[in-house]
Amino acid sequence: MGEMEEVDVDHITTDIPPQKCPLVCDSVSHACVDRENNPLTGPVFKNPVCKVYRFQTMDSKWMLVREQMEECTLSFSIPRQLLSLYIQEDMNRVQDLRELGELSPHWDNLRKEVMARYGGIIGYYQETLAELDKITGRSFKPSCCKAQKSLEFIPINLHTQRMRVTCPRKTGILSRLRQGASSSPRLKDAFYDIVTVGAPAAHFQGFKCGGLQRLLSRYEAEKKSFSTAYQCIYYSPEHTAKAQEVLSTVSLLQPLITSSADQLLQAAQERSSTGLKDVLKKLSDKTEQFVHTLKDELVKSALLALHAAQPGYVSKNQKPAQAGQHQGHVHQCSEQNPSPVQGLPGHSPATSVTESTVMCNNVDGSQTTTKGEGGTLPLKHQDSIPHHQEYDEEEWDRVWANVAKCLNCVIAMVDKLQEEDNNRQEPVPEQQLADVITSHNPGDWKEQLCPLVTRLKDCVMEVVEKAKRAMTFVLLQEAACSIPQGFLLQQRRDVVFSQALAALACGFAMRLYAGMEDKGFLRQLHLVGLVAQFESLLSTYSEEIGMLEDMEVGISDLQRVVFKITEAKTDDLSDLQPLVCGRRDQFTVEVPLPRLVFQTLPEEIKEGKPLHVFPVLFNVGINEQQTIAERFGDISLQERINQKNFEMLEAYYKSLSEKVPLECLPCFQTQTDVKELLETLGQNVVTKKRKNVEILWIAGSICRRLNGIRFTSCKSAKDRTSMSVTLEQCALLRDEHQLSKDCFIRALDCMRSRLTQGDIGQWEDPEAGNVSENKPASRHFYPIALLLVSSHLLVVWLILSLVFLLAKYQ
């Protein structure tokens, strides 16, 4: 947005008489711009609808304005891909649960129940995916289907809108026209893009109990009591997220380490010193990252908790005499679940559990009596992660440290081989290596490295298996104490995220295609990333509160998304479709580009550097329900959202200003500094003012100045959204292109009408299909906003409209 290009036109004059609605041309197909056959945009955008207007500027000249709205194929392709990934992830989770091994009856029953829940979700997602695969030809979901079960993952009314403005230059044009120059003037084009979409929300599931933000807060507050009821360890959301991160990172790094190890052996077989050095550096980096990931107390605690959940588990620290003393107790509890509580955070040393504590499978006793220095101490069921240093130091630390030791042995051997290669002509001095490296005669490099590399791979595999089982057990406990509410919330979150990601991918593709020739934009893209500003017009009243709470969580979850630009295999349109990969904690959207276009990108992007997007959400309700909420209800949700996201936007600008020169940002006629706009936005966010739409205007202006992606949403992306978009477009024409003040209302009137005066036969409504010729010639959205001020006027208007329509069609 804000891109400029030079064009030649010969159909803009200065002596055109004024019109009530100056429509130049109207198209519902490809008369204005044929983008479906464009290899860069065809896979994503289709069915363009175009209007072209001519408006007068303040200096009595004329500008050409073209509106172009398009549907986006990602409305369906992104949710389909996400559903497939959800199914695969849950199936992998079920398989991991099966591989936990034998558990005590209590834990085994919980595992079966959790697996049954996963099976239900998998079946539902498979059914939904099958229904979506049956849909052909449609590329968006109309608002009338927003509560349809089979389409709940699809965003509502996802469309893109581009306003292209062609204005004559200020200098030289008037003199050319006076001189009667035969050559047409050079005109400057500006593009303003925006994505419109219905608020990402679970409409099918409803909002009787609120939206995701409220439901998640209530769930986390009650989760502690659930863990006590199910005899589980309570894990906070941060610990659960950490467990998922460990699983994801380990699964990613383990094949990379194995591949690097094989490449190292291949370089050794070729006796390539340079190859050995390069591959060894790569192997060292990945292995160190692997070791660092597993250096976490959560893994240690989870391993002991897993061992304690096995049948007949007894702590190996139990002394023989004490074991005999408690033998009866052990036999009595051997059929039940353990409740390890040693070393709970928050316990003072005087009340800590001694080393003589007996660990047994005891679930009936949520209170375990343990003797310590202070006498008999009742220990309640744990509500935080236990720390068992004895087990960790003897078991986990030994296995974990072996990986680092094996890597050191490989490094030492490679250093020795390279030194031997450098001193081939001289006697090789004897060297002392690690304990596992013995002195040997120079021979085949691969034979000398192979045992060490094999040992490294084996140690990595052993650590992966233990860590995977430990983190799976953490997630089992988290899932067990959240049945069934946790699974329902996850399903709702999947639905909302699917809608949000489809919109974000659409906006990213649109912004990328528009900025392919902008070197400053591409530099900003890989150095910092883009801001995605979501403008919401939802009220904080009735069910729209739940929609806003859903939307807040969905937009926040977009922080887990990164983009990568790849080179398409072919220039076929099917190979240019964006692809999604990853899992719930981290998704990657790959955007393929044709080979010739891909070659023009900066090296950092071509090398596959992850491109980040920073989503921010600003909400201001504007309808009559918001009036009721501000007078008699609560608008704290809106205030909290605006304040939180203002801080995020401010942090993004600070990072951007440190890494990217201001010359990379687009230029605008209004010379207001971004820093000044941020200060004004901050003041408006904290100001108590009813329906303070200046928050939205300023946030949108900042977004455009930062090369960001603009989104506008309401309940269904129709009336309120169209009013906001058209008002913003006319404001841009006034502020950036000197639209005459006398033409402002007329321009707004033209853009807000579905049909205009003239010889237009029909207009294709994206929701209702083709409109017949005998339909009223114009439908205006903005008078409704005035009527909403009073419910009485609205009722009168509806009655009069009904009478008028009945009289007209009789």
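**Quick word on the pairing of strand S9 (residues 530-536)**
For a regular strand, side chains alternate in direction, first toward one face of the sheet and then toward the other.
Then, in step 1: Counting buried residues in S9 gives seven out of seven residues, a clear majority hidden from the surface.
Then, in step 2: Burial of S9 is two-sided: the residues Leu530, Ala532, Phe534 and Ser536 facing one way and the residues Val531, Gln533 and Glu535 facing the other way are all buried.
Then, in step 3: In this structure, S9 lies alongside strand S13 (residues 611-619), joined through seven bridges in parallel fashion. The residue bridging Phe534 from the neighbouring strand is Leu617, located in S13.

**Observations regarding the nonpolar core**
Then, in step 1: Ranked by size, the top nonpolar core spans 147 residues in total, and within it Phe290, Leu449, Met471, Phe508 and Phe563 carry the most contacts.
Then, in step 2: Per-element accounting of this core gives the leading share, 18 residues, to helix H11 (residues 445-480).
Then, in step 3: Here Phe290 is in contact with Val250, Leu253, Ile257, Val403, Val460, Val463 and Val464, once residues within four sequence places are set aside.
Then, in step 4: In terms of nonpolar packing, the next biggest core, distinct from the first, is built from 26 residues, Val531, Leu649, Tyr653 and Cys664 among them.

**Things to note about the packing of helix H18 (residues 636-659) against helix H19 (residues 674-686)**
Then, in step 1: The contact between H18 and H19 brings their axes to 10 Å, and the two run at 165 degrees. Considered as vectors, H18 and H19 are oriented roughly antiparallel to each other. In the packing of H18 onto H19, the handedness of the crossing is left-handed. Every residue of H19 that contacts H18 at Asn642, Gln643, Phe646, Leu649, Glu650 and Tyr653 is listed here: Val674, Lys675, Leu678, Leu681, Gly682, Val685 and Val686.
Then, in step 2: Residue composition of the contact of H18 with H19, grouped by class: eight nonpolar, three polar and two charged.

**Section: helix H1 (residues 74-98)**
Then, in step 1: The first and last C-alpha atoms of H1 sit 36 Å apart over 25 residues, in line with the 36 Å expected at 1.5 Å per residue.
Then, in step 2: Within H1, 18 of the 25 residues are buried, which leaves it mostly tucked inside the rest of the structure.

**Regarding a nonpolar patch on the surface**
Then, in step 1: On the surface, Tyr541, Ile628 and Phe632 cluster together into a nonpolar patch covering about 320 Å² of accessible area.
Then, in step 2: You can see Phe632 is positioned in helix H17 (residues 624-632).
Then, in step 3: Taking the relative accessible area as the measure of exposure, Phe632 reaches 70% and is therefore exposed.

**A few points about the pattern of salt bridges**
Then, in step 1: Enumeration over the complete set of coordinates arrives at 29 salt bridges.
Then, in step 2: For Lys134, the salt bridge is made with Glu131, and the minimal N-O distance between the two is 3.5 Å. Residue Lys134 and its partner Glu131 are both found in helix H2 (residues 105-134); the two are separated by three residues, about one turn of the helix.
Then, in step 3: Lys134 sits in the exposed class, given a relative accessible area of 59%.
Then, in step 4: As a salt-bridge pair, Arg584 and Asp494 come within 2.9 Å of each other at their nearest N and O atoms. Here Arg584, found in the loop between strand S11 (579-583) and strand S12 (586-593), pairs with Asp494, found in helix H12 (residues 485-514); they are 90 residues apart in sequence, far enough to count as distant.
Then, in step 5: When its relative accessible area of 3% is taken as the criterion, Asp494 is described as buried.

**Details of the side chain of His526**
Then, in step 1: Along the polypeptide, His526 turns up in helix H13 (residues 519-527).
Then, in step 2: The contacts of His526, once residues within four sequence positions are left out, are Pro602, Glu604, Ile605, Lys609 and Leu611.

**Considerations on helix H21 (residues 719-737)**
Then, in step 1: Over its 19 residues, H21 runs 26 Å from end to end, which matches the ideal 27 Å to within 8%, given 1.5 Å per residue.
Then, in step 2: Taking burial as the measure, the 19 residues of H21 include 15 buried ones, the bulk of the element.
Then, in step 3: Just downstream of H21, Gln738 is the residue with a positive phi angle, here 55 degrees.

**Notes on the state of the cysteines**
Then, in step 1: Under the counting rule described, the total for this entry stands at zero disulfides.
Then, in step 2: Here Cys730 stays free of any disulfide, with the sulfur of Cys750 as its closest cysteine sulfur at 8.7 Å.

**Considering the packing of H19 against helix H20 (residues 694-705)**
Then, in step 1: Running from N to C, H19 and H20 point in directions that differ by 155 degrees, and their axes come no closer than 9 Å. The orientation of H19 with respect to H20, classified from their angle, is roughly antiparallel. Considering how the two elements wind past one another, H19 and H20 form a crossing that is left-handed. Judged by residue contacts, Val674, Leu677, Leu678, Thr680, Leu681, Asn684 and Val685 of H19 engage Glu694, Ile695, Ile698, Ala699, Ser701, Ile702 and Arg705 from H20.

**What to know about unusual backbone geometry**
Then, in step 1: One non-glycine residue with positive phi stands out, namely Ser542, at about 60 degrees.
Then, in step 2: Checked against the element boundaries, Ser542 lands in the loop between S9 and helix H14 (543-557).
Then, in step 3: Relative accessible area serves as the criterion here: at 46%, Ser542 is assigned to the partly exposed category.
Then, in step 4: Its identity is not glycine, yet Ala717 carries a phi of approximately 60 degrees, on the positive side.
Then, in step 5: Locating Ala717 in the fold gives a position in the loop between strand S14 (709-713) and H21.
Then, in step 6: According to the relative accessible area criterion, Ala717 is buried, its value standing at 14%.

Calculation notes
Residues numbered from 1 in each chain as written. Predicted model: local features only at pLDDT ≥ 70, side-chain atom pairs only at ≥ 80, totals over all residues. Heavy atoms only, no water. Buried < 20%, exposed > 50% of the residue type's maximum accessible area, 1.4 Å probe, protein only. Helix = DSSP H or I, 4+ residues; strand = E, 2+ residues; numbered from the N terminus. Pairing = 2+ DSSP bridges. Core = buried A, V, L, I, M, F, W, Y, C linked by side-chain atoms within 4.5 Å. Contact = heavy atoms within 4.5 Å. Axes fitted to C-alpha atoms, helices over the stretch in contact; angles between N-to-C directions. Parallel < 35°, antiparallel > 145°, perpendicular 65-115°, else oblique. Left-handed = near helix turned anticlockwise from the far one by under 90°. Nonpolar A, V, L, I, M, F, W, Y, C, P; charged D, E, K, R; others polar. Expected span 1.5 Å × (residues − 1). Patch = residues over 30% accessible without salt bridge, like charges linked within 9 Å, V, L, I, M, F, W, Y side chains within 5 Å. Areas by Shrake-Rupley, 256 points an atom, 1.4 Å probe, with all protein chains shown as cover. Salt bridge = Lys/Arg side-chain N within 4 Å of Asp/Glu carboxyl O. Disulfide = S-S within 2.5 Å.

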